[in-house]
Amino acid sequence: MEEVFPGVFKNNGKLYTKDLKTKDLRYWNPYKSKLAAAILIGLKTWPFSRKSRVLYLGTGEGTTPSHVSDMLENGFLVGVDVSFMAMHEFLKKAGERENLIPLLANASFPEKYPEDIKKIKFDVIYQDIAQKDQVSIFLKNKKFLRKKGYALLVLKARSISPKQDVKKLTKAALKPLRKEFNVLEVIFLSPYSKDHSFVVMRNE
Ligand SMILES: C[S@@+](CC[C@H](N)C(=O)[O-])C[C@H]1O[C@@H](n2cnc3c(N)ncnc32)[C@H](O)[C@@H]1O
């Protein structure tokens, strides 16, 4: 078993994280988590430390957030989702993990987040929101990222239009992103998630 990043283990081509409480290894499925897919494809920049404060936009049921939670020994993850159904499932995971903070909110309106959350300067912002205006939602949340903090953005081409090509979408998205961030890596997530790319940036 090799530790490829702090708290991320690899064995026979498969990824695992270690449950903080039980210390059991948990299989991390790259078909269900775009972060796991990016690692297997060759992600070089590691944005998380054991004490990172993470703002996660679009938790879904919490698959990826639960694996990130495993890595945050002294940090925490604020998980935002607009869907009651997704939040219902995410709440179950947050109930078992002290470092997950659920927030039912629309990431398009960050000014409506609770005051306590708005005060935090996060070390990492991660967004996985399948919406047409995914880039502008992301840019609206940039104000919560500390200087030198990392920003990870999952782009989904089909959310723009059914025929949208992921390479074209990514090229177009990179224009406004480069004005705000230093773009470090762009990873296309095929074969794990065909119409997605994964952009790694730093707030210089
Ligand atoms: C692809 S799923 C997330 C999967 C999750 N990131 C994972 O890897 O386990 C996208 C989520 O974004 C949420 N979402 C869509 N628009 C949103 C918005 N404006 N604000 C917050 N969440 C949003 C959806 O409700 C959905 O749960």
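Scroll up to find the structure this text is about.
Residues numbered from 1 in each chain as written. Predicted model: local features only at pLDDT ≥ 70, side-chain atom pairs only at ≥ 80, totals over all residues.

Talk me through helix α3 (residues 84-96); I want residue IDs and the actual numbers.
Taking 1.5 Å per residue, 13 residues should reach 18 Å; α3 reaches 19 Å between its end C-alpha atoms and fits that length. Met87, Phe90 and Ala94 are the residues of α3 that are buried. (Helix = DSSP H or I, 4+ residues; strand = E, 2+ residues; numbered from the N terminus. Expected span 1.5 Å × (residues − 1). Buried ≥ 20, exposed ≤ 12 C-beta atoms within 10 Å, placed from the backbone.)

Provide a residue-level description of the sheet that holds strand β9 (residues 145-156), including the pertinent values.
Here 7 strands make up an open sheet; going across it, the order is β7-β6-β5-β8-β9-β11-β10 and the pairing mixed. A strand with exactly one partner marks an edge of an open sheet, and here the two such strands are β7 (100-104) and β10 (182-188). The average undirected angle you get between the axes of adjacent strands in this sheet is 15°. With 5 bridges connecting them, strand β6 (residues 76-81) and β7 associate as parallel partners. Paired with Leu77 across the strands is Leu100, a residue of β7. Running at roughly 170° to β6, helix α2 (residues 63-71) makes contact with β5 (53-57), β6 and β7 of the sheet. (Pairing = 2+ DSSP bridges. Axes fitted to C-alpha atoms, helices over the stretch in contact; angles between N-to-C directions. Contact = placed C-beta atoms within 7 Å.)

Tell me about helix α6 (residues 166-180), and please be specific about residues and values.
Compared with the 21 Å implied by 1.5 Å per residue over 15 residues, the 21 Å span of α6 between its first and last C-alpha is a close match. Approximately 35° is the largest bend angle found in α6, and it occurs at Leu174, with the proline Pro176 only one to four residues beyond. All of the buried residues along α6 are Val166, Leu169, Thr170, Ala173 and Leu177. Tucked inside the fold, the buried residues of α6 contact α5 (134-140), β9, β10 and β11 (196-202). (Bend = angle between axes of the 7 residues up to and from the residue.)

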